[in-house]
Amino acid sequence: QVQLVESGGGLVQAGGSLRLSCAASGRTFSSFRMAWFRQVPGKEREFVAGIGRSGRTYYADSLKGRFTVSRDGAKNTVYLQMNSLKPEDTAVYYCAGSEIAGAVRVADFGSWGQGTQVTVSS
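(A) Representation of the pattern of salt bridges. Following the criterion strictly, the structure yields five salt bridges and no others. The closest approach of N and O atoms between Asp89 and Arg38, which form a salt bridge, is 2.9 Å. With Asp89 in the loop between β8 (77–82) and β9 (91–98) and Arg38 in strand β4 (residues 33–39), this residue pair connects regions lying 51 residues apart in the sequence. Classification of Asp89 as buried rests on a relative accessible area of 1%. With its nearest N and O atoms 3.5 Å apart, the salt bridge here joins Lys64 to Asp61.

Printed below as a string of structure tokens:
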């Protein structure tokens, strides 16, 4: 497993931006497929965006164009840039790592951060 620590969450007005960071330690970061998920109380954790070992990115269809995921191998960090935020983006955002090629399901990810709260006010 890899240890993950998220940061960068907070309160922002609708239309604003935030950048989340996820610092990884432990296993070789470059061998992991990384992703961001989010969860609101009473709902299942949902996939937001991911980035493969090669740097290829993939997104939830509803979030394409507003969110951008990236990774910095030198810093062992994954980022989620969130623009044009909406109140419905309010959630706890989790960083996750997987050694499974093509992983997109919660069950495919064995490493998780503690989560960071994002609140978007209207």
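The discussion continues.
(B) Quick peek at the pairing of strand β11 (residues 116–121). A one-sided burial pattern is seen for β11, the buried positions being Thr116, Val118 and Val120 and the unburied ones Gln117, Thr119 and Ser121. Bridge count for β9 against β11 is three bridges, and the pairing is antiparallel. Counted as the bridge partner of Tyr93 is Thr116 from β11.

(C) Spotlight on the sheet that holds β8. Sheet architecture is open: four strands sit in the order β1-β3-β8-β7, paired in antiparallel fashion. In this open sheet, the two strands that pair with only one neighbour each are β1 (2–7) and β7 (67–72). Strand-to-strand twist in this sheet, taken as the mean axis angle between neighbours without regard to direction, amounts to 20°. Pairing analysis gives six bridges linking β7 to β8, with the strands arranged antiparallel. Counterpart to Ser70 in the pairing with β8 is Tyr79.

Here is what the cut-offs are and how they apply
- Residues numbered from 1 in each chain as written.
- Predicted model: local features only at pLDDT ≥ 70, side-chain atom pairs only at ≥ 80, totals over all residues.
- Heavy atoms only, no water.
- Salt bridge = Lys/Arg side-chain N within 4 Å of Asp/Glu carboxyl O.
- Helix = DSSP H or I, 4+ residues; strand = E, 2+ residues; numbered from the N terminus.
- Buried < 20%, exposed > 50% of the residue type's maximum accessible area, 1.4 Å probe, protein only.
- Pairing = 2+ DSSP bridges.
- Axes fitted to C-alpha atoms, helices over the stretch in contact; angles between N-to-C directions.

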